[in-house]
Amino acid sequence: MQSSKLTQNLSFGLDIHTGSGDDLQTGCLEARRIRNETNRLDRQGWDWDDIKSTVVDNADHVNNTTQLIVDKALGELETYHDNKDDGWRRPYPYIDESYPMVMNHGEGYRLFLEDDGTVRFRITATRGTHVKGDLRGSPDHFDRLQTAFNDNEWRVGTAEVVHKHNEWRLHVTVTHETHHVASKHDADTIVGIDVNEDCIALAAMSQGGSVEDSAVFEYPSVKEHRHEFFTKRKRMQKAEQTAFETVVQTEERDYVHDCLHKVSRKVVEWVSQFSAPVIVFEDLKDMRESIDYGTRMNRRLHSLPFAALQEMVSYKAAWEGIPSDDVNPEYTSQRCPRTECQHTARGNRHKKRFKCQQCEFQDHADRKAAVCVVQEWFDDQYGNVPSLDRLPGRVRVMRRAASGAGGGPDSHGAVFASGVTSAGEARASGQAREKLKTVASAVQD
Ligand SMILES: [Zn+2]
């Protein structure tokens, strides 16, 4: 994790429409209590990590907000320790003025940029209490906020609610090349990702163990196009046209980069819908060993998108404050996800179909693998996997034309597949023959 190098502080007034200034006052008083408690425990000689976890457990703010408030209080103590030889005084152990609430965007507060340029806010004043309204401020600060929303190099960071000059204000930080990533230990939703050469499958499970949703994003043309570039380059090498070869390489790199960029953006968008998600990948070092590479060509087609896609997804997720983690991928593709069964055999999987040879559980193989990635994570974290008997009946398969300008599903719209047999889908969906072909190839290729 990098520390903040380029941070701008933007200041806005709050026009409150829902909730009240009293709610914010309650939040700031709780922030003061957290700050004072942190100082009290520090005086008693507590370890700072213990202070944090204890205070977070007992606070009336959402965990993330409490952590940021404790960090702020500990930061003040740290500054004192660094400077006490120069005569700095220890912070007062007890303050009686209010203390700012510190919040992460997307967690303790959220801003919504409207088409007409107004910015709505939602602040979680205390657990379950939301204060909403519009921001008020200078055009310059609105411009910078807009940039933070629209430019990939910038992001909207932490904000503080303060009472100043007789009004409630929000101080928003926008940061460049830095990110505050939530701790994976605070995750409410665990999203397992199974990356394949032609698709990326996702499954989201709550801490309670219920599968919230799943999706499969396909990118068939990435592979096709890369094959095309490879062939083109080979031809040029034979003809010794090295200058052109470089051009093709650049073209190919840009093309692949563009595809991965679009797919990873879709993935992060999908993940962002869940409460406090953590993204879990299969560890690539282990994965490389488990993949059956055929030829040198296969190696080229496989290795780059795997690594690059995971990196891009986790980078984009980090900008959104979403942490990533990885697990050992051993047997995630072969193991039955039913906790009662867990039968593991190579024969359980046939291309895109998974059918447990023991209990006959069936599913889309990649979606099921994503579920197993989540189970692996639970096992790593808690040594325990929530009980699972069945998965939601439908797998959402989203196909996109990678060369197209848009980032949405293809001309068929989102293709829904049941994850069972293509014939079954044919009857179930009652769609035209052409579309069935798409579904069939989506599931079985
Ligand atoms: Zn089974």
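Residues numbered from 1 in each chain as written. Predicted model: local features only at pLDDT ≥ 70, side-chain atom pairs only at ≥ 80, totals over all residues.

S.K.: Which residues make up the sheet that holds strand 14 (residues 353-355), and what values do they have?
M.R.: Read from one edge to the other, the open sheet built from 3 strands follows the order 13-14-15, with strand pairing classed as antiparallel. At either end of the open sheet lies a strand with only one pairing partner, and these are strand 13 (349-350) and strand 15 (362-364). Sheet topology places strand 13 next to strand 14; 2 bridges connect them, and they run antiparallel. Bridged to Arg349 within strand 14 is Phe354. Against the sheet, helix 9 (residues 365-382) contacts strand 13, strand 14 and strand 15, and its axis sits at roughly 95 degrees relative to strand 15. (Pairing = 2+ DSSP bridges. Helix = DSSP H or I, 4+ residues; strand = E, 2+ residues; numbered from the N terminus. Contact = placed C-beta atoms within 7 Å. Axes fitted to C-alpha atoms, helices over the stretch in contact; angles between N-to-C directions.)

S.K.: Kindly report on helix 1 (residues 21-43), identifying the contributing residues and their values.
M.R.: If you check helix 1, its first and last C-alpha atoms are 33 Å apart, about what 23 residues at 1.5 Å a residue would give, namely 33 Å. Every buried residue belonging to helix 1 is among Leu24, Gly27, Cys28, Glu30, Ala31, Arg32, Ile34, Arg35, Thr38 and Asn39, and all of these are buried. Where helix 1 terminates, the next one or two residues include Gly45, which has phi positive at roughly 85 degrees. (Expected span 1.5 Å × (residues − 1). Buried ≥ 20, exposed ≤ 12 C-beta atoms within 10 Å, placed from the backbone.)

S.K.: Could you give me a rundown of the nonpolar core, with the residues and numbers involved?
M.R.: Grouped together as the largest cluster of nonpolar side chains are 51 residues, with contacts concentrated most on Ile193, Ile200, Leu202, Ile279 and Val280. Those elements that provide at least two residues to this core are strand 8 (189-195), strand 9 (199-206), strand 10 (211-218), helix 6 (242-272), strand 11 (277-282), helix 8 (296-319), helix 9 and strand 16 (395-399). The element that contributes the greatest number of residues to this core is helix 9, accounting for 8 residues. (Core = buried A, V, L, I, M, F, W, Y, C linked by C-beta atoms within 7 Å.)

S.K.: A description of the pairing of strand 11 should follow, citing residues and the corresponding values.
M.R.: Across the 6 residues that make up strand 11, a large majority, 6, are buried. Because side chains alternate across strand 11, one face comprises the buried residues Pro277, Ile279 and Phe281, and the other comprises Val278, Val280 and Glu282, equally buried. Of the strand pairs in this sheet, strand 8 and strand 11 are connected by 4 bridges, and their pairing is parallel. Within the sheet, the bridge partner assigned to Val191 lies in strand 11 and is Ile279. Note: strand 11 against strand 12 (residues 324-327), 4 bridges, orientation parallel. Paired with Phe281 across the bridge in strand 12 is Asp326.

S.K.: Please provide a residue-by-residue account of the environment of Ser206, values included.
M.R.: One can find Ser206 in strand 9. Judged by the 15 C-beta atoms lying within 10 Å of it, Ser206 is partly exposed. Here the alpha-carbon distance between Ser206 and Phe274, two residues 68 residues apart in the chain, equals 9.1 Å. If near-sequence neighbours (up to four positions away) are discounted, Ser206 is found in contact with Asp188, Thr189 and Glu212.

S.K.: Would you mind going over helix 3 (residues 63-83) in detail, with residue names and values included?
M.R.: An ideal rise of 1.5 Å per residue puts 30 Å on 21 residues; helix 3 measures up with 30 Å between its terminal C-alpha atoms. Among all positions of helix 3, only Asn64, Thr65, Thr66, Gln67, Leu68, Ile69, Val70 and Ala73 are buried. If you follow the buried residues of helix 3, they end up packed against helix 1, helix 2 (48-58), strand 2 (101-103), strand 4 (119-126) and strand 6 (154-164).

S.K.: Tell me about the confidence of the model for the protein, residues and numbers included.
M.R.: For the protein, mean pLDDT is 78; residues scoring 70 or higher make up 76% of the total. Contacts from residues 1-5, a stretch scored under 50 in pLDDT, to residues over four places away or in other chains number 8 contacts. For residues 401-445, every residue scores under 50 in pLDDT, and the model assigns this stretch 64 contacts once sequence neighbours within four places are set aside. (pLDDT = per-residue confidence, 0-100.)

S.K.: Report on the environment of Ala204, specifying residues and quantitative values.
M.R.: You can see Ala204 is positioned in strand 9. Residue Ala204 is classed as buried on the basis of its 24 C-beta neighbours within 10 Å. Placed 67 residues apart in sequence, Ala204 and Val271 show a C-alpha to C-alpha distance of 8.1 Å.

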